[in-house]
Amino acid sequence: MSESVVNGGGGAEMKLKLTSSDTTSTLVSPTTPPSEPHYPLMEATGSVSYTTGEMMSGGGGVRVYRIRWVILCLFVLYSMSNAFQWIQYSIINDIITYYYGVSPTMVDWMSMVYMVTYIPLIFPASWYLQKKGLRRAVLIGACGTMIGSWVKVGSVSPDRFYLTFAGQCISAISQIFILGIPPRLAAVWFGPTQVSTACAIGVFGNQLGVALGFLLPPAIVQTSEDKDVVGQGLAFMFNGVAALTTTLFITIIFVFKEKPPTPPSTAALVQEETGSYMQGVVRLMKNPGYVLLLLSYGINVGAFYAISTLLNQVILAHFPNENENAGRIGLVIVLAGMMGSVVCGFILDKTAKFKMVTLVVYILSTLFMLSYTFIFHLETLWLVFVMAGLLGFFMTGYLPVGFEFAAELTYPEAEGTSSGLLNASAQFFGIFCTMADGQLLKNYGDMAANLLLVVVLCVGSIMTASIREDLRRQAAHKKGIHVDSEGPRV
């Protein structure tokens, strides 16, 4: 048993004894807070409330600061600017193919390079994030995104495909300092009652970028036999992205902070003292439920990557000259998925039925993928819109569901580690599904390509059903201790 002293505000101190079967810890908060650096908008907000041994936002010991929302919004915009570039070529595949004189497969690689670079680089990037901190990782990612954008500005010429590909590679490498950031940023800046919401908002930044990547390129870069007209559209798009990423990088330099002067919860303090990154990875790989989720999550999200990358080619095969509608269909998929994320998150909060929700969403994704496969042969565009929206609602809505289920299965491992590996699995299966689908699409048509995705989703559904529901985080909450001004109570 250990004795902890926490400041309850107004100079009063409360003592809390905490016991654990494995560890004991002492948390000390002085009556007078230590000297702290001053930051704009760093006014503390909140009240004292401690649950499950954690200090909630406010009070003398821990605080949340208004600037946390500025930090989060800045990250959302930064993530959006990078995710936009992932799909900006594939959604106008036919135009890029004509302008640069390359094959559709080469244009597909403009998307797949994001997946290829992520898999080997996520491990050193996660290590760097843990050892060097949030600010340095975000600065590197923002700088790389900006440099990649400016390289593309110089690639507006039919003989410079190599240059535009180089710019895409730089932006792709920068992505490794984005996808794993939301859980870490939320834990560092937000109190326990807001950390899940903040993480979800951070993930939405990536989805918003993909949505804009579907919508804007077909509207900006018009189909034309005159390559000068196409080049003008590309120049306008590349310059616009470069201007945005430069503005964001400069803003991040002056505004984005490593962490608040005082942590938002005791969990933030404990997180700083966790073991090495590789030890955490080894423990995760020994968790059978997590390994099954790792594979099934990768299959689901990898199938979504393949659908997104090949969408332009599939749509134009059935509806010639409908480039803009191809982009709109992609937009519908992502927007419906964002709605699905909110709905599924709400259901999880209300029911705590993590495996059931995950399995139902997975099975419905499979069924709507099957419907999506056959709907094209009715040759009715509005039906494709409807089915794409339903598919997106469940397939893209699965993203935060998978993250939350992983957090339950792996508690108390860092969420950044479990989510980073989930993303790596998604990139691996994204490469496989996109390359296999691309070949099937070329040789046998879109039905064969889409049926492959149905098959792999069926396999993923079986894996999900095989996971043993071990809700460790929920069990920890039920054993929590609540502390208020009257003292600790179970």
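Everything quoted here is computed from the prediction, not taken from an experiment. (Residues numbered from 1 in each chain as written. Predicted model: local features only at pLDDT ≥ 70, side-chain atom pairs only at ≥ 80, totals over all residues. Heavy atoms only, no water.)

Draft legend 1. Quick look at the overall build of the protein. Assigned secondary structure in the protein consists of 18 helices and 8 strands. Burial statistics for the protein: of 490 residues in total, 52% are counted as buried. With the model as given, the accessible surface of the protein reaches about 20,600 Å², and the carbon-plus-sulfur share is 65%. (Helix = DSSP H or I, 4+ residues; strand = E, 2+ residues; numbered from the N terminus. Buried < 20%, exposed > 50% of the residue type's maximum accessible area, 1.4 Å probe, protein only. Areas by Shrake-Rupley, 256 points an atom, 1.4 Å probe, with all protein chains shown as cover.)

Draft legend 2. Examining the pattern of salt bridges more closely. Inspection of every chain in the model, using the stated rule, returns 1 salt bridge. A salt bridge links Glu 324 to Arg 328, with the nearest nitrogen and oxygen atoms 3.1 Å apart. Placement of both Glu 324 and Arg 328 in helix H12 (residues 323-351) is noted, with a separation of 4 residues, approximately one turn of the helix. We classify Arg 328 as partly exposed; its relative accessible area is 38%. (Salt bridge = Lys/Arg side-chain N within 4 Å of Asp/Glu carboxyl O.)

Draft legend 3. Focus on the packing of helix H13 (residues 354-375) against helix H17 (residues 446-465). As a packed pair, H13 and H17 sit with axes 9 Å apart at the nearest point and diverge in direction by 165°. Looking at the two axes, H13 sits roughly antiparallel to H17. Once H13 is placed against H17, the crossing between them reads as left-handed. Side by side, H13 and H17 meet where Lys 355, Thr 358, Leu 359, Tyr 362, Ile 363, Ser 365, Thr 366, Met 369, Leu 370, Tyr 372, Thr 373 and Phe 374 of the first sit next to Met 447, Asn 450, Leu 451, Leu 453, Val 454, Leu 457, Cys 458, Gly 460, Ser 461, Thr 464 and Ala 465 of the second. (Axes fitted to C-alpha atoms, helices over the stretch in contact; angles between N-to-C directions. Parallel < 35°, antiparallel > 145°, perpendicular 65-115°, else oblique. Left-handed = near helix turned anticlockwise from the far one by under 90°. Contact = heavy atoms within 4.5 Å.)

Draft legend 4. Expanded view of unusual backbone geometry. We note that Asn 321 has phi near 65°; this positive angle belongs to a residue other than glycine. Locating Asn 321 in the fold gives a position in the loop between helix H11 (288-318) and H12. Positive phi, close to 55°, is recorded for Glu 379, a residue that is not glycine. With respect to the secondary-structure elements, Glu 379 resides in the loop between H13 and helix H14 (381-395).

Draft legend 5. The environment of Tyr 98, seen in detail. For Tyr 98, the location among the structural elements is in helix H2 (residues 93-100). Given a relative accessible area of 38%, Tyr 98 falls into the partly exposed group. Each C-alpha atom of the pair Tyr 98 and Val 230 lies 9.5 Å from the other, and the pair is 132 residues apart in sequence. Ignoring any residue separated from it by four or fewer positions in sequence, one finds Tyr 98 in contact with Ser 224, Glu 225, Asp 226 and Lys 227.

Draft legend 6. Quick look at the packing of H2 against helix H8 (residues 227-255). The N-to-C vectors of H2 and H8 enclose an angle of 115°; their axes lie 10 Å apart at closest approach. Considering how the two elements wind past one another, H2 and H8 form a crossing that is left-handed. Counted together, Ile 95, Ile 96, Tyr 98, Tyr 99 and Tyr 100 of H2 and Lys 227, Val 230, Gly 231, Leu 234 and Phe 238 of H8 form the full contact between these two elements. Here the residues of the contact of H2 with H8 sort into 8 nonpolar, 1 polar and 1 charged. (Nonpolar A, V, L, I, M, F, W, Y, C, P; charged D, E, K, R; others polar.)

Draft legend 7. Helix H5 (residues 161-174), seen in detail. Taking 1.5 Å as the rise per residue, H5 with 14 residues should run 20 Å; its terminal C-alpha atoms sit 20 Å apart, in good agreement. Packing partners of the buried residues in H5 comprise helix H1 (67-87), H2, helix H3 (104-132), helix H4 (134-153) and H8. (Expected span 1.5 Å × (residues − 1).)

Draft legend 8. Molecular detail of the confidence of the model for the protein. Of the residues in the protein, 80% reach a pLDDT of 70 or more, and the chain-wide mean stands at 80. Per-residue pLDDT stays below 50 along residues 1-40; that stretch engages in 69 contacts with residues further than four places along the chain or on separate chains. Across residues 46-60, where pLDDT falls below 50, the model places 56 contacts with residues more than four positions away in sequence or in other chains. (pLDDT = per-residue confidence, 0-100.)

Draft legend 9. Spatial organisation of the nonpolar core. Core analysis: the biggest nonpolar cluster contains 95 residues, and Leu 234 and Tyr 372 have the highest contact counts within it. Per-element accounting of this core gives the leading share, 15 residues, to H11. Contact partners of Tyr 372, with chain neighbours within four places excluded, come to Ile 307, Leu 311, Met 387, Ala 388, Leu 391 and Asn 450. Listed in part, the 34 residues of the second largest apolar core include Ile 122, Leu 129, Ala 186 and Phe 190. (Core = buried A, V, L, I, M, F, W, Y, C linked by side-chain atoms within 4.5 Å.)

Draft legend 10. The arrangement of helix H15 (residues 398-410) in detail. Along its 13 residues, H15 runs 18 Å from first to last C-alpha, staying within 8% of the 18 Å computed at 1.5 Å per residue. The element H15 is extensively covered by neighbouring structure, given that 11 of its 13 residues are classed as buried.

Draft legend 11. Structural view of the side chain of Thr 434. Inspection of the secondary structure puts Thr 434 in helix H16 (residues 415-444). Classification of Thr 434 as buried rests on a relative accessible area of 2%.

Draft legend 12. Examining the environment of Val 456 more closely. Within the fold, Val 456 resides in helix H17. The buried category is assigned to Val 456, whose relative accessible area is 15%. Non-local contacts of Val 456, meaning those with residues more than four positions away in its chain, are made with Ile 299 and Cys 433.

Draft legend 13. A look at the packing of aromatic side chains. Tallying each qualifying case throughout the model produces 15 aromatic pairs. An angle of 65° between the planes, with centres 5.6 Å apart, marks the rings of Tyr 100 and Phe 161 as edge-to-face. Here Phe 161 lies in helix H5 and Tyr 100 lies in helix H2, a separation of 61 residues in the sequence. Both residues of the pair, Tyr 100 and Phe 161, count as buried. (Phe/Tyr/Trp six-rings, centres within 6.5 Å; stacked < 30°, edge-to-face > 60°.)

Draft legend 14. Summary view of the environment of Cys 344. With respect to the helices and strands, the residue Cys 344 is situated in helix H12. The exposure class of Cys 344 is buried, given its relative accessible area of 4%. Residues Cys 344 and Val 357, spaced 13 residues apart in sequence, show a C-alpha to C-alpha distance of 7.5 Å. Setting aside chain neighbours within four positions, we find Cys 344 in contact with Val 361, Gly 397 and Val 401.

Draft legend 15. Seen up close, the side chain of Ser 296. Looking at where Ser 296 falls in the secondary structure, it is placed in helix H11. The residues contacting Ser 296, other than those within four sequence positions of it, are Tyr 362, Tyr 398, Gly 460, Met 463 and Thr 464.

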